[in-house]
Amino acid sequence: MALKRYEGKAKILYATDDPQVLRVYYKDDATAFNAQKRAEIAGKGALGCRISSLIFAYLQRQGIPSHFLQQVGDREMLVQAVEIIPLEVVVRNVAAGSLCRRLGIGEGTILAEPLVEFYLKNDALGDPLLTDAHIALLGIATPSEKQALESQGLVINRHLQELFGACDLTLVDFKVEFGRDRQGQVLLADEIAPDTCRLWDRRVEGTSTARSLDKDRFRQDLGGLAEAYQEVWQRLRSVIPPSP
Ligand code: UDP
């Protein structure tokens, strides 16, 4: 039996024979509001794994290094072992979610420039928003490392906007995490999937609720989460050429 290294809300990390490689198992569990809301949604894990694998491979071809090595089986991927930097890097193109709640900006407002925010990865504290001074105070990243993460977030945003745009999806916002490998190189890590992005369907008219093809369907009890993820998967498949 493979040794379980870590179990999170949506994924389990297992050791492999190679200490530098981990196997990530994507669960069917959906959680929101700091795991106060939970459900199991059949097919979600496999779709999240497939979408994330496709996006990591796509980004690697665009020159964005990540921990992704390959997808194995239906709902697992092999990744390079990294030490996760305890920051959630959120990039926003359109106002939604906590930005609207915090600043009173109307949902759907297009931001003049993409906005990058940093949150502390700490469930017990409710993942608080961090200022630069907080990041320095906590010793999580030096100012230049923080600047590099911000730049990398913006580059990833440009690639993802282009990719999702080709799928008739508006990339409203997304969250990424980074980790350090044994050599200290910073790599994109965790996942990029509709669990961690807001995607609004440009083929549908109406409110964000009607257009949402992401985890907001679960957060707001809209139903059809697996169907939405399936739609995202199919559109990505139709625009991303198969890996050589
Ligand atoms: N997000 C995430 N994990 C988190 C918090 C946010 O993946 O722990 C993603 C979320 O799906 C959205 C973006 O980051 O795409 C911005 O989320 P926001 O701050 O608006 O928080 P929310 O309204 O979801 O609480």
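This text goes with the structure placed above it.
Residues numbered from 1 in each chain as written. Predicted model: local features only at pLDDT ≥ 70, side-chain atom pairs only at ≥ 80, totals over all residues. Heavy atoms only, no water.

Some points on the overall build of the protein chain
A count of helical and extended segments in the protein chain gives seven helices and 14 strands. Expected size for 244 residues packed as a compact globule is a radius of gyration near 18 Å; at 17 Å, the protein chain falls within 12% of this value. C-alpha atoms of the protein chain, sized along the principal axes, occupy 50 × 45 × 35 Å. The buried share among the 244 residues of the protein chain stands at 51%. Put simply, of all contacts in the protein chain between residues at least 6 apart along the chain, 56% involve residues at least 24 apart. (Helix = DSSP H or I, 4+ residues; strand = E, 2+ residues; numbered from the N terminus. Rg over C-alpha atoms; globule rule 2.2 N^0.38 Å. Buried < 20%, exposed > 50% of the residue type's maximum accessible area, 1.4 Å probe, protein only. Contact = heavy atoms within 4.5 Å.)

Remarks on the site of the ligand
Taken together, 17 residues lie around the ligand, and Arg92, Ser98, Asp173, Arg198 and Arg219 are the ones closest in. Contact between the ligand and Arg101: an oxygen atom at 3.1 Å from a side-chain N or O atom of the residue. One of the side-chain nitrogen or oxygen atoms of Arg219 is found 2.8 Å away from an oxygen atom of the ligand. In the complex, 82% of the free accessible area of the ligand, which totals 510 Å², lies under the protein chains. (Near = heavy atom within 4 Å. Polar contact = N/O pair within 3.5 Å; in protein donor to acceptor, adjacent residues only side chain to side chain. Areas by Shrake-Rupley, 256 points an atom, 1.4 Å probe, with all protein chains shown as cover.)

What about unusual backbone geometry?
Comment: phi is negative for the bulk of residues other than glycine, and the bulk of peptide bonds are trans. Although it is not a glycine, Phe33 sits at a positive phi angle of roughly 55°. Mapped onto the secondary structure, Phe33 falls in the loop between β4 (29-32) and β5 (37-40). Unusually for a residue other than glycine, Asn34 sits at a positive phi of about 55°.

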